[in-house]
Structure formats: C-alpha cells, structure tokens
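# Notes for the structure review
Each chain is listed here by its residues.
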Amino acid sequence: MSLKNSATHYGAVTRFLHWTIFILFVWQYLSAAIMTHVGRDNTLLGLTQGNYYDWHKSIGLVLLVLAVVRLVWRKTTPLPDWAPTLSSAEQTISHRNELRLYWCMFLLPISGYLFVMAGGFGVKLFGFYPLPNPIGKLPWLATTALVLHIIASYTAIVLIAWHAGLGLKHHLYDRDGFLNRMLPFRRP
C-alpha cells in the first residue's frame, strides 16, 4: 500500500490518521461518560475519576495535534476521485459534512482546553506533568467554552453517524466495496 493517496484509494498515511482519530474520538466519548458518572472516590477498570479526567484532557490535546497534521496532509496530498457509486447529492453532503467534521476536530479540543484552563481545573498531562495555565481563571470563558464543547460533541456524533452510515449503506446494501477505499489493511 502506498503512503500517499491514489486516484481510487486512500494511502496509508490518510488511513492511519483517519482511524487513529476515530479510535481516540471513541475513547473520548467513553471516558467522558465514565468520568462524569464515576463517583469521586470510586474506581472503574483500576482508574479513578481524576485519572479519567487527566486522560480525557491529555488525549484531547493529542487529538488537536493529530487534527493539525491531518489538515496539513489533506491540503498537501490530493484526494482520490469521488467513488463512482456516490450520487451528486451524496458527494455534496459528504463534502459539507467533512468540513463540519474538521471544525469539530478543532473546536472540541480547543473548547475543552479553554474550559479546563479558564475554569481553573488545569491539565495534568497523562497524569504526570501539570501544564502551565496561560489563561487564568475566567468563569465567563469557562462557561462559554463548556457550552461550545457540549454542542460540538453532539454535532460530531451526528456527523460521524451520517459519515459511517453512508459508508455502511454503500458497502453492505449497495455492495459496491465502498469502504475498501478507507478500511485499514485493504489493498486497492
């Protein structure tokens, strides 16, 4: 498999970034659900609520870096042609949803970072290294960032569901091999 995209398939770098970000997004949603429902003095899978918060914030910053790398890669590497089985309406909606997903990939970690810093919670990177707070405590900014974080997270769920649904519809119902363009370990 080529590192770069071809006219018909996504290359190894694009696939790696796509699936790494997807897996980390799944972790973020699971850890958010756990950290907000596990009691402060309880543990789940050997981790405390604080551990889940530390990892959620740390992975959020990793996702921001990956989003930057992905955007740079996307802008410097040509995409494959549209799959021939996509209708023009599906192409238009997919393009618009892709733009919105990129907004979410940036808005989620940035709003999360602003919330924890302006809220005075801070970030202890992977539970070891406390990051400096360049913002200071600003309750109005923390509240605004939290609202944006929540709205972006639900928006991302809808967009990801549509994105995955379209791929599954084409691959399983239309049986056009659509997902082979992006699935890991599939050859063109």
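Placed above this text is the structure.
The structure reproduced in this document is the subject of the present report. The shown structure was predicted, so the numbers you read here are calculated from the model rather than taken from an experiment.

Here Y113 is to be found in helix α3 (residues 88-118). Judged by relative accessible area, Y113 falls into the partly exposed class, the value being 24%. Residues Y113 and V123 lie 10 residues apart in sequence; the distance between their C-alpha atoms is 8.1 Å. Setting aside anything within four residues of it in sequence, one finds Y113 in contact with L61, V123, P132, P134 and I135.

Viewed as axis vectors pointing N to C, helix α1 (residues 12-35) and helix α4 (residues 139-173) meet at an angle of 130 degrees, and their least axial separation amounts to 12 Å. When the axis of α1 is compared with that of α4, the two are oblique. Note on packing geometry: the crossing formed by α1 with α4 is left-handed. Between α1, through H18, F25 and Y29, and α4, the contact on the second element is made entirely by S153, A156, I157, I160 and H163. Residue composition of the contact of α1 with α4, by class: five nonpolar, three polar and no charged.

Taken together, the side chains of F22, I23, V26 and L30 present a nonpolar region at the surface, about 360 Å² in accessible area. Here I23 shows up in helix α1. Overall, the relative accessible area of 54% leaves I23 in the exposed class.

Here the focus is the packing of aromatic side chains. Counting across every chain of the model gives five aromatic pairs. Between F25 and Y29, the ring centres sit 6.5 Å apart and the planes meet at 35 degrees, which makes this aromatic pair tilted. Highlighted residues: F25 and Y29, both in helix α1, separated by four residues, approximately one helical turn. Note on F25: relative accessible area 9%, which makes it buried. Ring geometry for W27 versus Y52: centroids 6.3 Å apart, planes at 25 degrees, classification stacked. Taken as a pair, W27 in helix α1 and Y52 in helix α2 (residues 49-76) lie far apart in primary sequence, 25 residues in all. Look at W27 and you get partly exposed, because its relative accessible area is 27%.

Within the largest apolar cluster, 17 residues are counted, with the highest numbers of intra-cluster contacts made by I21, F25, L63, M105 and L108. Looking at this core, the elements that each hand over two or more residues are α1, α2, α3 and α4. Setting aside anything within four residues of it in sequence, one finds L63 in contact with I21, L24, F25 and Q28.

Looking now at unusual backbone geometry. Residues other than glycine seldom take positive phi values, yet F126 does so here, at roughly 50 degrees. For F126, a relative accessible area of 27% gives the class partly exposed. The residue R175 is not glycine, and still its phi comes out positive at about 55 degrees. Structurally, R175 can be placed in the segment after α4. Exposure remark for R175: the relative accessible area of 70% places this residue in the exposed category.

Rules behind the numbers
Residues numbered from 1 in each chain as written. Predicted model: local features only at pLDDT ≥ 70, side-chain atom pairs only at ≥ 80, totals over all residues. Heavy atoms only, no water. Helix = DSSP H or I, 4+ residues; strand = E, 2+ residues; numbered from the N terminus. Buried < 20%, exposed > 50% of the residue type's maximum accessible area, 1.4 Å probe, protein only. Contact = heavy atoms within 4.5 Å. Axes fitted to C-alpha atoms, helices over the stretch in contact; angles between N-to-C directions. Parallel < 35°, antiparallel > 145°, perpendicular 65-115°, else oblique. Left-handed = near helix turned anticlockwise from the far one by under 90°. Nonpolar A, V, L, I, M, F, W, Y, C, P; charged D, E, K, R; others polar. Patch = residues over 30% accessible without salt bridge, like charges linked within 9 Å, V, L, I, M, F, W, Y side chains within 5 Å. Areas by Shrake-Rupley, 256 points an atom, 1.4 Å probe, with all protein chains shown as cover. Salt bridge = Lys/Arg side-chain N within 4 Å of Asp/Glu carboxyl O. Phe/Tyr/Trp six-rings, centres within 6.5 Å; stacked < 30°, edge-to-face > 60°. Core = buried A, V, L, I, M, F, W, Y, C linked by side-chain atoms within 4.5 Å.

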